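Observations on the three-dimensional arrangement
These are the residues of each chain, in order.
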2 protein chains.
Amino acid sequence: MSLRTAALRAARSTSSSRSKISLSQLSKRGYSTPSSRPTSSSWRQQIATSFAVGLVGTVAYRYLSDNKSQVQCDGAPLVEAIETHGYPWVPVDALEKDDPQNPMRIRMATWVKSLQDHIVKTMEEIESSVEPNSFSPFKENPKFLKDTWIRKEGGEGSSCVLSNGRVFEKAGINVSIVHGLLPPKAQKAMLPDHPSLPEPKETKPFFATGLSIVIHPRNPHIPTVHLNYRYFEIENKNDENQQPITWWFGGGSDLTPSYLDEKDCIHFHNELKKSCDKNDLNYYKEFKKQCDKYFFINHRNESRGIGGIFFDDLTISSPINQINQNENGKPKTQEDLFNFIKDASSSFLPAYIPIVYKHLNRTWTEEEKRWQQLRRGRYVEFNLVYDRGTKFGLHTPGARIESILMSLPETARWEYMTPVGAEGSNSPEEELQKVLKNPREWV
Amino acid sequence: MSLRTAALRAARSTSSSRSKISLSQLSKRGYSTPSSRPTSSSWRQQIATSFAVGLVGTVAYRYLSDNKSQVQCDGAPLVEAIETHGYPWVPVDALEKDDPQNPMRIRMATWVKSLQDHIVKTMEEIESSVEPNSFSPFKENPKFLKDTWIRKEGGEGSSCVLSNGRVFEKAGINVSIVHGLLPPKAQKAMLPDHPSLPEPKETKPFFATGLSIVIHPRNPHIPTVHLNYRYFEIENKNDENQQPITWWFGGGSDLTPSYLDEKDCIHFHNELKKSCDKNDLNYYKEFKKQCDKYFFINHRNESRGIGGIFFDDLTISSPINQINQNENGKPKTQEDLFNFIKDASSSFLPAYIPIVYKHLNRTWTEEEKRWQQLRRGRYVEFNLVYDRGTKFGLHTPGARIESILMSLPETARWEYMTPVGAEGSNSPEEELQKVLKNPREWV
């Protein structure tokens with residue numbers, strides 16, 4: 001059974017109570033450009049001042065507005081369909097099969113929801129495989145807390161968070177599906193990272209969806225892992241076929257161990273590489289380089305972890321997609337890139353889970369826990385100081401802070417001039433530091 | 001014995017082995033404008049690419065340079081005098097008495113060094129007053145780790161940090177004395193916060209000195225406290241009398257409790273107010289307001305703590321100094337403002353220490369510790385996301401990161417949708433939250 005099929009089956013088994021509205025209805029009702037919607041001055045005002053997000057890093061729904069009451073997050077339970085300020089939105093149902101007839105926004109939203117369900121289920125299976133322990137002494141197997149909501153102005157979100165796990169200290173698996181209007185100023189702010197964006201002149205409708213995962217295990221020998229895949233498009237208000245003006249994919253996945261296990265690094269990178277190679281032999285090398293560049297804690301002059309892959313603004317006209325054609329010898333299509341996204345995000349579990357199981361029963365010392373906590377401190381530094389998605393979210397009034405900061409570890413530590421891992425200590429901690437200072441090629 | 005005298009006595013008793021060079025020598029040799037110094041192309045290059053700092057928040061020496069080898073921090077031990085790349089620097093000696101004949105840069109540097117010695121001594125006395133405990137089981141009384149260094153390009157620094165205390169989880173008391181050249185771009189970056197700065201046209205020599213304190217106690221019933229006082233001037237290269245083109249004072253002090261004790265808040269604010277009122281009856285009200293505004297965690301829509309005082313760019317021409325004259329009925333002088341800085345910074349110990357002793361023997365529950373750790377998480381969020389000094393330092397290549405991040409607590413915690421302190425829980429934790437959401441007037 002392929003991962004994709006597994007994801008869909010997992011989704012089916014858990015979401016049968018959800019919407020029965022078909023995808024064709026959804027694509028007509030659930031997402032349409034504002035010009036086709038009922039208007040009222042209050043609605044216009046709301047939309048005009050709202051703005052949503054790069055979806056870089058943590059994916060949550062956020063907007064920009066001076067009036068906080070307009071951007072209230074309500075955490076309302078997911079319902080079958082909701083009339084939201086004259087803006088009808090039907091939750092995307094992971095139960096639906098991918099249908100190439102649907103617009104990409106629907107296909108990607110369906111994909112990330114399916115994958116979210118599947119990964120949540122897998123993580124819960126790992127929790128169940130371990131006996132209750134001092135961290136989680138309860139008989140019941142630890143479960144994710146699931147928050148779903150409809151965004152008043154259009155869209156939906158779903159945060160799945162595990163705290164108090166037997167294996168995982170904190171695991172967050174978030175999906176968000178957002179649409180709204182993007183003022184020229186907001187478009188300009190995106191330009192540096194997204195050169196494919198046309199010259200921003202007027203407010204344009206946009207759509208964004210993504211899956212974001214951060215998993216912090218308790219055991220210092222099991223690495224922290226991060227994943228984020230996202231799709232963004234800017235709409236053409238006047239196009240009846242709803243073809244976007246521009247669109248791109250972004251994302252990646254990277255590993256942050258406290259202790260270096262070279263075999264783990266090789267395995268993790270190898271799985272990512274396989275998913276890249278299947279689609280383009282240039283992808284892995286380039287996206288690995290971009291990952292090392294992005295996940296870098298500048299003020300420490302060290303990487304956050306041992307890398308993975310990372311890319312942004314990936315479209316058919318991206319330079320890297322000009323080199324190779326697709327497997328049929330034709331220029332790449334959006335379908336080709338979507339296949340890559342599916343392969344790359346599907347490689348998450350085979351890349352990470354074997355590492356979890358490998359170290360699951362290892363014990364650890366107080367010193368090893370201390371080092372893990374110090375590394376968690378660095379993780380907090382990266383996320384709060386550098387991560388574009390987190391920074392953007394924090395500076396966006398009305399953002400759902402709990403979802404944005406879900407990526408932070410449960411606990412972290414800072415010591416002044418810590419002796420742990422010091423240069424010349426020839427310790428396992430120093431061994432990791434060396435790799436963080438000089439990123440390696442793992443495959 | 002006044003605090004000032006006490007500070008000087010404490011300084012004398014601990015620094016008799018230091019420099020015997022007189023202040024007059026110091027003011028001639030220790031600080032002179034670059035034009036009077038020996039030049040070499042490498043020195044010129046170093047200075048031209050270097051840039052130092054707002055000294056807002058954490059005070060450490062930092063510069064901006066693409067060549068990291070030029071900005072190496074060496075943590076070299078403080079010596080009597082050092083020839084540093086043709087740039088002579090004699091460490092400022094707290095042993096010296098304040099002499100109104102000296103330029104303000106020397107007087108302020110002498111003051112902050114004296115106060116640092118005094119506060120370090122007081123904190124060590126508190127540690128000694130408590131028996132060894134599980135946090136610090138050793139017989140020897142916990143002591144501050146003292147790092148002093150000479151900055152190659154001119155200036156010095158001294159970090160005093162206590163870890164593993166019986167009472168304090170982490171306490172940092174930093175002094176820095178920095179001079180160098182400030183390019184127009186760097187001056188421009190300072191303009192929004194410092195309207196007294198003249199139109200930046202050419203590179204100008206500057207001098208900055210400050211004292212920065214953050215103290216995180218172990219006991220959740222003892223609040224965290226922060227202090228920072230600083231003096232900054234931009235020199236007139238052509239003035240033989242070394243009169244600066246512009247100068248200002250900045251700083252303040254604020255309290256961050258995990259649990260609200262209204263009497264503590266009143267006491268803390270009252271001591272600060274007394275030190276303000278002694279100098280200007282308008283100061284406290286204005287600086288309290290500025291403090292509430294500055295120490296605000298925007299994305300949480302709450303204050304970091306219960307406030308205190310905060311001001312920046314305080315000069316004789318500041319609007320607030322145009323209202324009242326000094327006690328002799330004359331326009332205020334730099335001397336008047338220096339007296340205020342001395343009074344305000346001297347009020348730190350009487351404002352904080354009684355609160356420490358009051359709660360020193362209180363026990364705490366696991367739940368109270370958990371809440372303190374969650375509050376520490378908010379402290380980390382403020383410092384990494386908003387604090388201007390920290391942000392500036394982190395983005396300045398070659399900055400001494402250990403000094404900048406000394407302000408972070410030893411441990412912190414983040415929980416997704418934490419139930420602790422939740423709205424409607426009518427808990428002591430919610431009581432604090434309410435005050436953080438709606439800052440009060442305490443005196």
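Our structure's up above, just so we're on the same page.
Residues numbered from 1 in each chain as written. Chains lettered and ligands numbered in written order. Predicted model: local features only at pLDDT ≥ 70, side-chain atom pairs only at ≥ 80, totals over all residues. Heavy atoms only, no water.

1. Some points on the overall build of chain A
- When helices and strands are counted, chain A shows 14 helices and 12 strands.
- If you take every contact in chain A between residues at least 6 apart in sequence, the share linking residues at least 24 apart comes to 75%.
- Roughly 17300 Å² of accessible area belongs to chain A as shown, and the carbon and sulfur atoms make up 51% of that amount. (Helix = DSSP H or I, 4+ residues; strand = E, 2+ residues; numbered from the N terminus. Contact = heavy atoms within 4.5 Å. Areas by Shrake-Rupley, 256 points an atom, 1.4 Å probe, with all protein chains shown as cover.)

2. Notes on the relation of the copies chain A and chain B
- When chain A is brought onto chain B, the operation consists of a screw motion whose angular component is 180 degrees and whose axial shift is 0.0 Å, with 0.0 Å RMSD remaining. The two molecules are tied by a two-fold rotation axis, judged by turn and shift. Minimal C-alpha separation from the rotation axis in chain A is found for Ala412(A), amounting to 2.7 Å.
- By residue overlap, the copies meet face to face through one surface: 100% of the interface positions of chain A are interface positions in chain B. (Least-squares fit on C-alpha atoms with pLDDT ≥ 70 in both.)

3. Some points on the packing of helix 9 (residues 334–346) of chain A against helix 10 (residues 348–359) of chain A
All names here are of chain A.
- The N-to-C vectors of helix 9 and helix 10 enclose an angle of 10 degrees; their axes lie 4 Å apart at closest approach. In terms of orientation, helix 9 lies roughly parallel with respect to helix 10. On the side of helix 9, the interface is formed by Ala344, Ser345 and Ser346, while helix 10 contributes Phe348, Leu349 and Pro350.
- Looking at the contact of helix 9 with helix 10, its residues break down into 4 nonpolar, 2 polar and no charged. (Axes fitted to C-alpha atoms, helices over the stretch in contact; angles between N-to-C directions. Parallel < 35°, antiparallel > 145°, perpendicular 65-115°, else oblique. Nonpolar A, V, L, I, M, F, W, Y, C, P; charged D, E, K, R; others polar.)

4. Comments concerning the sheet that holds strand 6 (residues 204–217) of chain A
Residues and elements named next belong to chain A.
- Within the open sheet, the 7 strands sit side by side as 3-4-5-6-7-8-11. Their pairing is antiparallel. In the strand order of this sheet, the two ends are held by strand 3 (145–150) and strand 11 (307–314), each with one partner. Adjacent strand axes in the sheet meet at a mean angle of 5 degrees, parallel and antiparallel pairs treated alike.
- Docked against the sheet, helix 4 (residues 104–128) engages strand 3, strand 4 (155–163), strand 5 (168–182), strand 6, strand 7 (224–234) and strand 8 (246–256), running at close to 170 degrees with respect to strand 5.
- The strands touched by helix 11 (residues 366–385) within the sheet are strand 5, strand 6, strand 7 and strand 8, with strand 6 carrying the most contacts at an inclination of about 165 degrees. (Pairing = 2+ DSSP bridges.)

5. Focus: the packing of aromatic side chains
- For the structure shown, the criterion picks out 40 aromatic pairs over all chains.
- Seen in terms of ring centroids, Tyr294(B) and Phe382(B) are 5.8 Å apart; in terms of plane orientation they differ by 75 degrees. Their pairing is edge-to-face. Highlighted residues: Tyr294(B) in helix 7 (residues 283–294) and Phe382(B) in helix 11 (residues 366–385), separated in sequence by 88 residues. Assigned by exposure class, Tyr294(B) and Phe382(B) land together as buried.
- An aromatic cluster of at least three residues, connected via ring pairs, comprises Tyr229(A), Tyr283(A), Phe287(A), Phe311(A) and Phe340(A). (Phe/Tyr/Trp six-rings, centres within 6.5 Å; stacked < 30°, edge-to-face > 60°. Buried < 20%, exposed > 50% of the residue type's maximum accessible area, 1.4 Å probe, protein only.)

6. Structural notes on the interface of chain A and chain B
- Counting residues at the interface gives 32 residues for chain A, matched by 32 residues for chain B.
- Roughly 3000 Å² is buried in total at the junction of chain A and chain B, and carbon and sulfur atoms are behind 59% of that figure.
- Three residues, Glu402(A), Trp414(A) and Tyr416(A), lead the burial of chain A against chain B; their summed loss comes to 28% of the area buried on that side.
- Linking chain A with chain B are 4 salt bridges, by the criterion used here.
- A salt bridge links Arg413(A) to Glu410(B); the shortest N-O distance between them is 3.4 Å.
- Summed over the shared surface of chain A and chain B, the result is 13 residue pairs in polar contact (both at pLDDT 80 or more).
- Every element with two or more residues in the side of chain A that touches chain B is listed here: strand 3, strand 4, helix 11, helix 13 (401–404) and strand 12 (411–413) of chain A.
- Pairing analysis gives 3 bridges linking strand 12 of chain A to strand 12 (residues 411–413) of chain B, with the strands arranged antiparallel. (Buried area = accessible area lost by both parts, 1.4 Å probe. Salt bridge = Lys/Arg side-chain N within 4 Å of Asp/Glu carboxyl O. Polar contact = N/O pair within 3.5 Å; in protein donor to acceptor, adjacent residues only side chain to side chain.)

7. So, the sheet that holds strand 7 (residues 224–234) of chain B
Residue and element names in this part refer to chain B.
- Read from one edge to the other, the open sheet built from 7 strands follows the order 3-4-5-6-7-8-11, with strand pairing classed as antiparallel. Because the sheet does not close on itself, it has two edges, and the strands there are strand 3 (145–150) and strand 11 (307–314). The sheet shows a mean angle of 5 degrees between the axes of neighbouring strands, direction not considered.
- Two strands pair when backbone bridges link them, and strand 8 (residues 246–256) and strand 11 are joined in this way by 6 bridges, in the antiparallel orientation. Its bridge partner being in strand 11, Gly251 is matched across the sheet by Phe311.
- This element, helix 7, spans strand 8 and strand 11 of the sheet and lies at about 100 degrees to strand 11.
- Across the sheet, helix 9 (residues 334–346) is in contact with strand 7, strand 8 and strand 11; its angle to strand 8 comes to roughly 20 degrees.

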